[in-house]
Amino acid sequence: MFAGHSRRHIDLAARVGDTLLGVIWVLFAWSLLSYLVRLGFALAGVQDPARSRIVAVLVLVIVAPLLAWGYREAMHLPRLKTLDVTIPRLGRGMDGIRVVMITDTHFGPIERTGWSKRVVAAVNALHPDVVCHVGDLADGMVTQRGQVDPLGEVQATTGRFYVTGNHEYFGEAQGWLDHMQSLGWDALHNRHTVLERNGSRLVFAGIDDRTAGQLPGHGPDLDAALAGVDPQLPIMLLAHQPKQVVQAVAAKVDLQLAGHTHGGQIWPFRYLVRLDQPVLAGLSRHGECTQLYTSRGTGFWGPPLRIFAPSEITVLTLRSAAL
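Residues numbered from 1 in each chain as written. Predicted model: local features only at pLDDT ≥ 70, side-chain atom pairs only at ≥ 80, totals over all residues. Heavy atoms only, no water.

Draft legend 1. Seen up close, the overall build of the protein chain. Within the protein chain, the regular secondary structure consists of 8 helices and 12 strands. For the protein chain, whose C-alpha radius of gyration is 22 Å, the value lies close to the compact-globule estimate of 20 Å for 323 residues. Oriented by its inertia axes, the alpha-carbon framework of the protein chain measures out at about 75 × 45 × 35 Å. Within the protein chain, contacts between residues at least 6 apart in sequence are counted, and of these 74% link residues at least 24 apart. As presented, the protein chain carries roughly 14,000 Å² of accessible surface, and 60% of it is formed by carbon and sulfur atoms. Of the charged side chains in the protein chain, 29 are positive and 27 negative, and the gap between their average positions amounts to 8 Å. (Helix = DSSP H or I, 4+ residues; strand = E, 2+ residues; numbered from the N terminus. Rg over C-alpha atoms; globule rule 2.2 N^0.38 Å. Contact = heavy atoms within 4.5 Å. Areas by Shrake-Rupley, 256 points an atom, 1.4 Å probe, with all protein chains shown as cover. Lys, Arg positive; Asp, Glu negative; His and termini not counted. Charge placed at Lys NZ, Arg CZ, Asp CG, Glu CD.)

Draft legend 2. Quick look at helix 4 (residues 113–125). With 13 residues, helix 4 should cover 18 Å at 1.5 Å per step; its first-to-last C-alpha distance of 18 Å lies within 8% of that length. When helix 4 is considered as a whole, its buried residues turn out to be Trp115, Ser116, Val119, Val120, Ala122, Val123 and Asn124. Structurally, helix 4 contributes buried residues whose contacts are with helix 3 (50–75), strand 2 (98–102), strand 3 (130–133) and strand 12 (312–320). In the segment just after helix 4, His127 is the residue with positive phi, at about 50 degrees. (Expected span 1.5 Å × (residues − 1). Buried < 20%, exposed > 50% of the residue type's maximum accessible area, 1.4 Å probe, protein only.)

Draft legend 3. A look at the sheet that holds strand 2. A sheet is described by the order of its strands in space; here 6 strands give the open sequence 1-12-2-3-4-5, paired in mixed fashion. The open sheet terminates on both sides in strands that have one partner only, identified here as strand 1 (79–87) and strand 5 (186–187). Relative to strand 12, strand 2 runs antiparallel, the two sharing 4 bridges. Bridge assignment links Arg98 to a residue of strand 12, and that residue is Thr317. (Pairing = 2+ DSSP bridges.)

Draft legend 4. Region of interest: the environment of Leu90. On the secondary structure map, Leu90 appears in the loop between strand 1 and strand 2. Classification of Leu90 by relative accessible area gives buried; the value is 1%. For the pair formed by Leu90 and Ala321, sequence separation is 231 residues and the distance between their alpha carbons is 7.1 Å. Those residues in contact with Leu90 that sit more than four places away from it in its chain are Asp95, Leu202, Pro234, Leu318, Arg319 and Ser320.

Keep in mind that these numbers describe shape and distance, not what the molecule does.
Have a look at this one:
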């Protein structure tokens, strides 16, 4: 794991280490649960060594198909998650604008150029007005990850926006910002842009990940991102971690888009993630006027497994309350 995920980025080491990590985690979790079965057998009078052997076989019977299914879930095209989000301050002219959200693609040591192209095709088939990538784009250096380049073919009628996640800061965050700009995406590095349609306007703002302060010139700065914004305009904020909603509430942001949690990715890791983040997945309300949508992520990090936490491409249709 160290050789694969340190600044050396040895992909073969990462593939082996990540896979072993996932297998060990699943075996560990279900082995702990097996003590309940052991207790039941003990109360029924089943003696060792038969009791231990039966339980060990049961764990393997459960874990083997879970690993196979989890691998398939991680590698196939993400499911579409669609929902309408009402934004009270949204003008009538913006009603129905379609925002497609991808996040946590984590292009890394496993070659997934084909998967990347399929994701782009799926996004384009939705005919989005806006496409957002909310961080954790890739693990490794820009020169290593040509899997990212198909994102340059994403089509959106109004805008394509990107912000950094925490994993960009394990490599070369500024390089990824520059690379996405070169692919035609608008990198919202603590800044905003205003979209206009049918006489209505909507602010799209983006801030760096909360861990970004380690790099000079980086770090989440919502005041800078919203500098000069008309306080009457509705604001959509791209911020990688759900816990950044605290700043969004203080700034009266209407809707924050976040990722980071992966929905837990491998059960029962979701319960540990929930200790760190205010939300695991889905739409939630915070403060008086702020909504937060947290995606389970489009890709995966590390172990090529998703168990009881499917990946997603999210389609948010924004609705005005003024209609």
